[in-house]
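Summary of structural features
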Amino acid sequence: MTRRGRTLWIAGLLLALLVAGVGSWYASSSPDGLEWAAEHTGFAGSAQDSATAGSPLADYQVDGEEGRVSGGVAGVVGVVVTLALAGGLTLVLRRRGTTADQG
Amino acid sequence: MLPGPPGRESLLQTVCNKVDDVHVPDGFLDVPTSVATGALAAGTVALALRKARTELDDRTAPLAGLTAAFVFAGQMMNFPLPGLPVSGHLIGAVLTAVLVGPWTAVLCMTVVLLVQAVLFADGGLTALGTNVFLMALLAVVVGYGLFRGLVAVLPRTRAGVLTATGIAAFASVPAAALTFVGLFEVGGTVDVPLGTVVAAMAGVHALIAIGEAAITVAVVGAVLAVRPDLVHGAAGLRRGVELQRRPTEPAGALR
């Protein structure tokens, strides 16, 4: 990777970690209006808990603990896991030793 | 009038809220609909695993992984809609498709949705196929298709690419939302008056789509400014880029 490419990559990763780890605390909590609205209509009955609702990271919290650190840790873990899975997959699938702008 | 406490407004609000948080939970759609969308999603992902090879090389693969991580983070960042008890968040389908290509975008978006469903209980497990269908498949197909069409007619400039990106990102949101309404009409476990819902959805999702377009244009614009050669959807700009390239950065010198 060229130096500029590496700088871009690191900057992008830091931004993602910052958004998920810190910024998410300030995100609007309105979508929980889904639960609110479901209670007011017939939808509440049709929604079911996910089989993973007992996950230690469920609802972007560590062990269901509400708070800045808990949510931040959950966000950072999510970014790292997503990066590992998607990054690993695309690295495995890539055509090696080639670049599209060669030649 | 609808019977009982759920008046029309709250019913519409429900559907709006449900779709803003595009992640469909378990139980909202019946089994046939979940299975059908799941099968479509699985087939597309299988195809994408082969087709993405054409888009991925030593240079672009690292950006693909990063883009997925960025979309995960972006989807956590719910932004409020003025005057409504509703928020929206990035989908990221057009962002990913323009940056790293549509087949790779299908895979990246699927990974994001998989991580959200398995680790964070965000979006149901039996609804995972539906969520992949809506956000990793439909939003990419509609958004990237529109992007390609616009790029073909707009000037081959940075502004042209970003205009196409913004419009495509905007369109992808109501496309996914309205498709969900369609699925709900077919396989929903509760009856929803389709016509009025569609009308109400248009307004709410126009607002969310503005956020989607703004974030997408900002990110694609930033990458275009630093490394335009890495942007899959800006291939038409590459010739100019090559001329500007510094000789100290020979193509292919990656180690």
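Conventions used here
- Residues numbered from 1 in each chain as written.
- Chains lettered and ligands numbered in written order.
- Predicted model: local features only at pLDDT ≥ 70, side-chain atom pairs only at ≥ 80, totals over all residues.
- Heavy atoms only, no water.
- Helix = DSSP H or I, 4+ residues; strand = E, 2+ residues; numbered from the N terminus.
- Buried < 20%, exposed > 50% of the residue type's maximum accessible area, 1.4 Å probe, protein only.
- Contact = heavy atoms within 4.5 Å.
- Areas by Shrake-Rupley, 256 points an atom, 1.4 Å probe, with all protein chains shown as cover.
- pLDDT = per-residue confidence, 0-100.
- Patch = residues over 30% accessible without salt bridge, like charges linked within 9 Å, V, L, I, M, F, W, Y side chains within 5 Å.
- Salt bridge = Lys/Arg side-chain N within 4 Å of Asp/Glu carboxyl O.
- Expected span 1.5 Å × (residues − 1).
- Arc of directions from axis to C-beta.
- Axes fitted to C-alpha atoms, helices over the stretch in contact; angles between N-to-C directions.
- Parallel < 35°, antiparallel > 145°, perpendicular 65-115°, else oblique.
- Left-handed = near helix turned anticlockwise from the far one by under 90°.
- Phe/Tyr/Trp six-rings, centres within 6.5 Å; stacked < 30°, edge-to-face > 60°.

**Things to note about the overall build of chain A**
Counting secondary structure elements, chain A contains four helices and zero strands. Counting from the amino terminus, chain A carries its helices and strands in the arrangement α-α-α-α. Looking at chain A residue by residue over its 103 residues, the buried ones come to 42%. Put simply, of all contacts in chain A between residues at least 6 apart along the chain, 53% involve residues at least 24 apart. Total accessible area computed for chain A in this model is approximately 5700 Å², and 60% of it derives from carbon and sulfur atoms.

**Section: the overall build of chain B**
Counting its secondary structure elements, chain B contains nine helices and two strands. What you see in chain B, going N to C, is helices and strands ordered as α-α-α-β-β-α-α-α-α-α-α. For chain B, buried positions account for 60% of its 255 residues. Restricting to contacts in chain B with at least 6 residues of sequence separation, those with at least 24 account for 76%. Accessible surface, chain B: about 9500 Å² in total, of which carbon and sulfur atoms supply 69%.

**A closer look at the confidence of the model for chain B**
All names here are of chain B. For chain B, the average pLDDT comes to 84, and 80% of its residues sit at 70 or higher. pLDDT under 50 marks residues 1–9. Its contacts with residues more than four places away, or in other chains, come to seven contacts. Note that pLDDT drops below 50 for residues 16–21; the model gives that stretch 27 contacts with residues more than four away or on any other chain.

**Concerning a nonpolar patch on the surface**
Residue and element names in this part refer to chain A. On the surface, L18, V22, W25 and Y26 cluster together to form a nonpolar patch covering roughly 450 Å² of accessible area. Looking at the element boundaries, V22 is found in the loop between α1 (3–21) and α2 (33–40). Assessed through its relative accessible area of 44%, V22 is described here as partly exposed.

**Let's talk about helix α2 (residues 31–51) of chain B**
Residue and element names in this part refer to chain B. Here α2 is 21 residues long and its end C-alpha atoms lie 30 Å apart, about the 30 Å a rise of 1.5 Å per residue gives. Turning to α2, its buried residues are T33, S34, T37, G38, A41, T44, V45 and A48. Along the long axis of α2, the arc covered by the buried residues comes to 135 degrees, so they all point the same way. With respect to the buried face of α2, the exposed residues turned more than 90 degrees away are V31, P32, V35 and R50. The elements touched by buried residues of α2 are α5 (102–120), α6 (128–153) and α7 (158–187).

**Notes on the packing of helix α4 (residues 93–100) of chain B against α6 of chain B**
The geometry of a pair of packed helices is captured by two quantities: the angle between their axes and the separation between those axes. Residues and elements named next belong to chain B. Direction vectors running N to C along α4 and α6 enclose 60 degrees, while the axes themselves pass 8 Å from each other. Relative to α6, the element α4 lies oblique. Handedness of the α4/α6 crossing: right-handed. Contacts between α4 and α6 involve A93, V94, A97 and V98 on the former and, on the latter, M135, A139, V140, G143, Y144 and F147.

**Overview of the environment of L63 of chain B**
For L63 of chain B, the location among the structural elements is in helix α3 (residues 61–76). Along the chain, L63 of chain B and L230 of chain B lie 167 residues apart, while their C-alpha atoms are 8.1 Å from each other. In contact with L63 of chain B, not counting residues within four places along its chain, are W9 of chain A together with L99, V100 and L230 of chain B.

**With respect to the packing of aromatic side chains**
How two aromatic rings sit relative to each other is given by the distance of their centres and the angle of their planes. Tallied over the entire structure, the rule returns four aromatic pairs over all chains. Ring centres of F72 of chain B and F120 of chain B lie 5.4 Å apart, and the angle between their planes is 45 degrees; this geometry places the pair in the tilted category. Pair noted here: F72 of chain B is in helix α3 and F120 of chain B is in helix α5, with a separation of 48 residues, a long-range link. The pair formed by F72 of chain B and F120 of chain B is uniform in burial state, with each residue classed as buried. Members of the aromatic cluster, joined through ring pairs, are Y60 of chain A together with F72 and F120 of chain B.

**Some details on unusual backbone geometry**
Residues and elements named next belong to chain A. The backbone phi angle of D59 is positive, close to 60 degrees, even though this residue is not glycine. Assessed through its relative accessible area of 52%, D59 is described here as exposed. One non-glycine residue with positive phi stands out, namely Y60, at about 55 degrees. Turning to its location among the elements, Y60 is positioned in the loop between α3 (43–46) and α4 (68–93). Classification of Y60 as buried rests on a relative accessible area of 18%.

**Topic: the pattern of salt bridges**
Enumeration according to the criterion identifies four salt bridges over all chains in this entry. As a salt-bridge pair, R94 of chain A and D58 of chain B come within 2.5 Å of each other at their nearest N and O atoms. Taken together, the residues R94 of chain A in the segment after α4 and D58 of chain B in the loop between α2 and α3 connect one chain to another. The two residues R94 of chain A and D58 of chain B agree in class, both being buried. Residues R227 of chain B and D229 of chain B are paired through a salt bridge, measuring 2.8 Å at the closest nitrogen-oxygen approach. The burial state of R227 of chain B is the same as that of D229 of chain B; both residues are buried. Among the charged side chains, a network of salt bridges with common partners joins D57, R59, R227 and D229 of chain B.

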